[in-house]
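So you can see what is in the structure, the chains are spelled out below.
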Amino acid sequence: NINGNLLDGDMELAGNYLYNGNDKDMWMKSNRRTMMDGNEEITTIKEESNHSFMQGHRAGIRADWDVTKRTSILFTPQFNFGYGDFDEMSKDTTDNNVKGRVNEVDRNSHGDNQNWTASGRLLLRHKIGNKKGRTVSANFNYNISQNRLDGENNSTTKTFRTNSYGESIADIKKVDQQYFQKSDGYTLGARLSYTEPLGKNFFLEASYRYNYRQTEAEKMTYNLDASTGDYTSLDTLFSNRYVNTFINQDARLTLVKQEEKYNAQIGFSVQPAYTKSVTALMREGRDSTLAYSVINYAPSARFDYRFSDRNFLRINYRGSTNQPSITQLQPVPDNSDPLYVSLGNPSLQPEFNHRLNVNYRNTNTETFATQNAGLNASYSKDDIITARWYNTDGVQYS
């Protein structure tokens, strides 16, 4: 960390750099039993080894400039860069208490990853006139990211079944693939707020926030062409391109009361959200588009009370909209583990969360003893959860 002052002390300038690395070896054995309908049970024994290596660099700047006595600018850019690789091997066996041995899987995979992120925040603050508390501020933020993953996926799956003579036979399926995966995204946001003093320590704050996020994801999977020995055969089931656009807004009015012992605020917000997803269905040779809009309304409230310099109570409520992640939205199956296949759902709507937090703190400055008590409650509308099911071969899908 480096800190200093410029412009005759009117600008505080700080810089920071962080390096982090991780070299990990893991071995794991698990025994899992799943109760199905009736008396049927599935038991899966898994042995897995994993070696992963990761390095990362982060650099950032914080510049806080008092342009005049009334106007200030805060700028905090940051850049992250990371890279690494992984090697995984596993062996799985699945048994059914009614049908006997269901399947056996041997797999190994390898991958190399590179990623970077550039982000930052620009905050402009200005005091208007001579009336205390009358201010206007504008906040701009950005986030640009790029992630690349190139990997190999190899597995042999034996699925057991009983033929017409009552004999147990195995159907063998081999996977020998290379895949190239990338995810690019950028977010632009702005927030404008105005505070007006109403007298007797009352203030009214009006704010508007706009966020735009676009994510482009692509996974191209190629099977081994036995005639050429190269990975040139595109597997359309495990390949796709996906573009998601998410726009959310927040228009809010908040009434604030500030006193020596306590601060209180109550507000109300309108939060429209818009989502559009375009998926390239390569097997069908066409694009699929889904778009929808939602509007949420939410009050907000916060109450802070300071019993003394040692005792403090805070009660806070807030509502917020959360967009599904690109992994939860992208519909291409992930078959890196043949017994656990996952895929996203492009029809997911944004969640809306209500959160209530109560916190009490008591601090003894002489003995450095601190007591904390907290209560948290939340309610989610359109909550995103994971659905899981099995097929007749004992493969779990999620």
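None of these values were measured; they are calculated from a predicted model.

Parameters and conventions
Residues numbered from 1 in each chain as written. Predicted model: local features only at pLDDT ≥ 70, side-chain atom pairs only at ≥ 80, totals over all residues. Heavy atoms only, no water. Pairing = 2+ DSSP bridges. Helix = DSSP H or I, 4+ residues; strand = E, 2+ residues; numbered from the N terminus. Phe/Tyr/Trp six-rings, centres within 6.5 Å; stacked < 30°, edge-to-face > 60°. Lys NZ or Arg CZ within 6 Å of the ring centre and 35° of its normal. 1 Å grid on protein atoms, 1.4 Å probe; cavity = no way out; pocket = protein on both sides within 12 Å on 5 of 7 lines; lining within 4 Å. Points joined across faces, edges and corners; volume = space filled by probe spheres on them. Nonpolar A, V, L, I, M, F, W, Y, C, P; charged D, E, K, R; others polar.

Quick word on the pairing of strand 9 (residues 202-225)
Part 1: Where strand 8 (residues 168-199) lies against strand 9, 22 bridges are found, and the strand directions are antiparallel. Paired with Phe-180 across the strands is Met-220, a residue of strand 9.
Part 2: Here strand 8 folds back onto strand 9 in antiparallel fashion, the turn holding two residues, of which Lys-200 has a positive phi close to 55°.
Part 3: As paired strands, strand 9 and strand 10 (residues 230-234) are joined by four bridges and run antiparallel to one another. When the bridges of strand 10 are listed, Asn-223 appears paired with Ser-233.

Details of the packing of aromatic side chains
Part 1: A full pass over the atoms with the stated rule returns nine aromatic pairs.
Part 2: An aromatic cluster of three or more residues is present, and its members are Tyr-262, Phe-303, Tyr-305, Phe-307 and Tyr-360.
Part 3: The ring of Tyr-179 carries Lys-219 above its face, with NZ or CZ at 5.1 Å from the centroid.

A closer look at the sheet that holds strand 19 (residues 396-397)
Part 1: The sheet built from three strands is open, its strands ordered 15-19-18 with mixed pairing. Lying at the two open borders of the sheet, with one neighbouring strand each, are strand 15 (340-341) and strand 18 (389-390).
Part 2: Two strands pair when backbone bridges link them, and strand 18 and strand 19 are joined in this way by two bridges, in the antiparallel orientation. Note that in strand 19 the partner of Tyr-390 across the bridge is Gln-396.

A few points about empty space enclosed by the protein
Part 1: Summed over the entire model, instances satisfying the criterion amount to one cavity of 30 Å³ or more.
Part 2: The volume enclosed by the largest cavity comes to roughly 30 Å³.
Part 3: As for the largest cavity, its lining consists of Arg-32, Thr-44, Thr-94, Leu-339, Tyr-340, Tyr-390, Gly-394 and Gln-396.
Part 4: Per-class residue counts for the lining of the largest cavity are three nonpolar, four polar and one charged.

Scope: geometric values only; no functional claims are made or implied.
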